[in-house]
Amino acid sequence: MERMDEHEDVRRMLAGAVRAEEKQQRDIVGSAVGIARRRRRRVRTYGATASGLAVAMGATAMVWAGGGAPVTAHPGPAGSSTTAATSVTSSTSASTAPAPWDKEHDIFYRLPGLLDPLLPKGLSVTKNGATLPNADFWLAGPSGNNDFALTVTPKDQRNRAMEDLCVAGGVCSHHEVPGGTLYIQTKNFTSDYAGNSGYAPGTGKQVLSFSDEYEFVPSASDGMVIDVVLNGVVSHEHYAAEPPSGWQAQWPPRPDTGESFSPSGDLLSADAFQALIAKPGFSAVTALLNPSTPVDQSTVARHKAADAAIAAAVKPILPSGLTLAIGTTAENMPNSNLILTGPSGTNLFSWTTQPQDKNWHHGQACAAGAQPDCTSKDVSGGQIEITHTINDLGKSGAADAFAPGTAATPTSGGDVYKFLPDDPNGTIIELATGEQYRDIPWAATRPTTGPYSDPHQTWPPPARNGEPFNPGGSLLTADQFAALVQAPGIADIVRTVNAAVDPVGMTASFQTWN
């Protein structure tokens, strides 16, 4: 289980966030008994509220709102014919910032070499040891490890949450330092934080984990805000002899593996952070982390090599006119690095393989009709599931931010194709595409309440949110997918592409969008 501060980070990101919502976030946890921590990712307000939906397979959904003009409904799942070509002209200017893949890899390979010599003696940054693929870092020291998230942001684009709010139950302060202001926020998470009853009597107030954040805001208007988040486990759970009512899994739960652990808590104090960023050599770290600075040529070479490997792998199987490559714009969705390109536009793209369930048999696709928004089709050697989802402006919860009468307009969508082989020793192939397909009809005036009311943000936001755009929806039809999965060696092709995208195991290989 992941701690609730991830939900809170999204709330803090929105200008109208209210700390009283903490209890509502805890309620999401239900009867789960683990208290863990997650590194929080910072994204700008419009990035969070005006983009698509990215959901790692099996993970919790993060709902994002797209937008579009009030026209006829988006076509359903791509049919048997190819979408007609349509001229696409983006309403937003192209960004000069590096692609997310490039920046992520550039930081991953270069940050330790730049930062380690500046850290206090005995500390270093290393790849996060979590079992799930990631590009995150640990701060390692004599007493253990902390999750370590270091970011820089231009002052005029900063998230002001540290300046305006304090997390519920946290301890917050700020003071002047040379060149600006240092904001400090610390919070401990105890066994009873989620309100569950699965721990041993008398251990409800045992501190299990912590989350500390320090943020330097420069006085200069053109300066860079420097922020670090340190998370970690400080002690292990003591579970009750019997599980809570309704618990159906193993009891006690298996210990987490690959978690950061430090009995002494955070390994970098606020004073040490201030001293760190004041060192002359830290300017190179700031330049590396700046989202808009160019990446090293070694990273550019990695990108070119990966694209070449991907193109060679998919050339025999992609329909004519379609190409697959790593995205090259800064607005591509996080963890959605592959872009499918065709005559009419682009789609987010991901795919994965997994062994067939030995107990599955023909006729069970879409759970024999029990799954909503899912249709099935018999094909040679098995069945295909087709799941189509749409996202409308109303899902943002801020209807007044959009032109009157457009809140129910479908604006972006996603399609998932899944091949289920009849052979019990066969391989499931699952492929997802997603895209925005209409411009967002923002209201003429800024709302006075809600997540879009922040006067610091430009109004209106761009009509296109930056994710791939195709007016016809998915570039790949169900029939084309059916042909694709029959290609010799298709499972190996999928694995080859995914390995080329993430040679260091950075991201999950399957994402769905709607």
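In case you missed it, the structure is sitting above this.
Rules behind the numbers
Residues numbered from 1 in each chain as written. Predicted model: local features only at pLDDT ≥ 70, side-chain atom pairs only at ≥ 80, totals over all residues. Heavy atoms only, no water. Core = buried A, V, L, I, M, F, W, Y, C linked by side-chain atoms within 4.5 Å. Buried < 20%, exposed > 50% of the residue type's maximum accessible area, 1.4 Å probe, protein only. Helix = DSSP H or I, 4+ residues; strand = E, 2+ residues; numbered from the N terminus. Axes fitted to C-alpha atoms, helices over the stretch in contact; angles between N-to-C directions. Parallel < 35°, antiparallel > 145°, perpendicular 65-115°, else oblique. Left-handed = near helix turned anticlockwise from the far one by under 90°. Contact = heavy atoms within 4.5 Å. Nonpolar A, V, L, I, M, F, W, Y, C, P; charged D, E, K, R; others polar. Salt bridge = Lys/Arg side-chain N within 4 Å of Asp/Glu carboxyl O. Pairing = 2+ DSSP bridges. Disulfide = S-S within 2.5 Å.

Please set out the nonpolar core residue by residue, giving values where relevant.
If you look at the biggest cluster of nonpolar residues, it comprises 36 residues, and the most contacted ones within it are Leu 324, Trp 351, Phe 481 and Val 497. It is helix 11 (residues 490-501) that contributes the most residues to this core, seven residues altogether. Ranked by size, the runner-up nonpolar core spans 34 residues in total, among them Leu 119, Phe 148, Tyr 214 and Val 285.

Residue-level account of the packing of helix 4 (residues 100-115) against helix 8 (residues 297-314), with values.
Orientation of helix 4 relative to helix 8, taken along the N-to-C sense of each, is 125°, at an axis distance of 9 Å. Relative to helix 8, the element helix 4 is oriented oblique. For helix 4 against helix 8, the interelement crossing comes out right-handed. Residue-level contacts link Trp 101, Asp 102, His 105, Asp 106 and Tyr 109 of helix 4 to Thr 299, Arg 302, His 303 and Ala 306 of helix 8. Residues belonging to the contact of helix 4 with helix 8 are distributed by class as follows: three nonpolar, three polar and three charged.

Please set out the pattern of salt bridges residue by residue, giving values where relevant.
Per the counting criterion, the structure on display carries six salt bridges. Here Glu 163 makes a salt bridge to Arg 158, at a shortest N to O gap of 2.6 Å. Classification of Glu 163 by relative accessible area gives partly exposed; the value is 25%. One salt bridge connects Asp 192 with Lys 205, and the closest N-O pair in it is separated by 2.9 Å.

Just give me the short version of the sheet that holds strand 12 (residues 374-379), but keep the residues and values in it.
Strand order in the open sheet made by the seven strands is 9-10-11-15-14-13-12, with antiparallel pairing throughout. In this open sheet, the two edge strands, each paired with only one partner strand, are strand 9 (323-326) and strand 12. Across this sheet, the average inter-strand angle for adjacent strands is 25°, counted without regard to direction. In terms of strand pairing, strand 12 meets strand 13 (residues 382-392) through six bridges, oriented antiparallel. Residue pairing across strands places Val 379 opposite Gly 382, the latter belonging to strand 13. Running at roughly 155° to strand 9, helix 8 makes contact with strand 9, strand 10 (338-342) and strand 11 (345-355) of the sheet. Contacts from helix 11 reach strand 9, strand 10, strand 11 and strand 15 (427-436), with the element oriented near 115° to strand 11.

So what about the state of the cysteines? Which residues, and what values?
Applying the stated criterion across every chain, the model contains two disulfides. Two residues, Cys 366 and Cys 374, share a disulfide whose sulfurs are 2.0 Å apart. Judged by the sign of its S-S torsion, about -70°, the bond between Cys 366 and Cys 374 is left-handed. Considered together, Cys 366 and Cys 374 belong to a single accessibility category, that of buried residues. When the cysteines of the protein that form disulfides are numbered from the N-terminus onward, they connect as 1-2, 3-4.

Help me get a handle on the sheet that holds strand 8 (residues 224-233), residues and values and all.
Spatially, seven strands are ordered 2-3-4-8-7-6-5 in an open sheet, and the strand pairing comes out antiparallel. Across the chains shown, the open sheet's two edge strands, defined by having one partner strand only, are strand 2 (124-127) and strand 5 (171-177). Between one strand and the next, the sheet's axes are offset by a mean angle of 25°, whatever the strand orientation. Of the strand pairs in this sheet, strand 6 (residues 180-190) and strand 7 (residues 207-218) are connected by 11 bridges, and their pairing is antiparallel. Along strand 7, the bridge assignment pairs Gln 185 with Glu 213.

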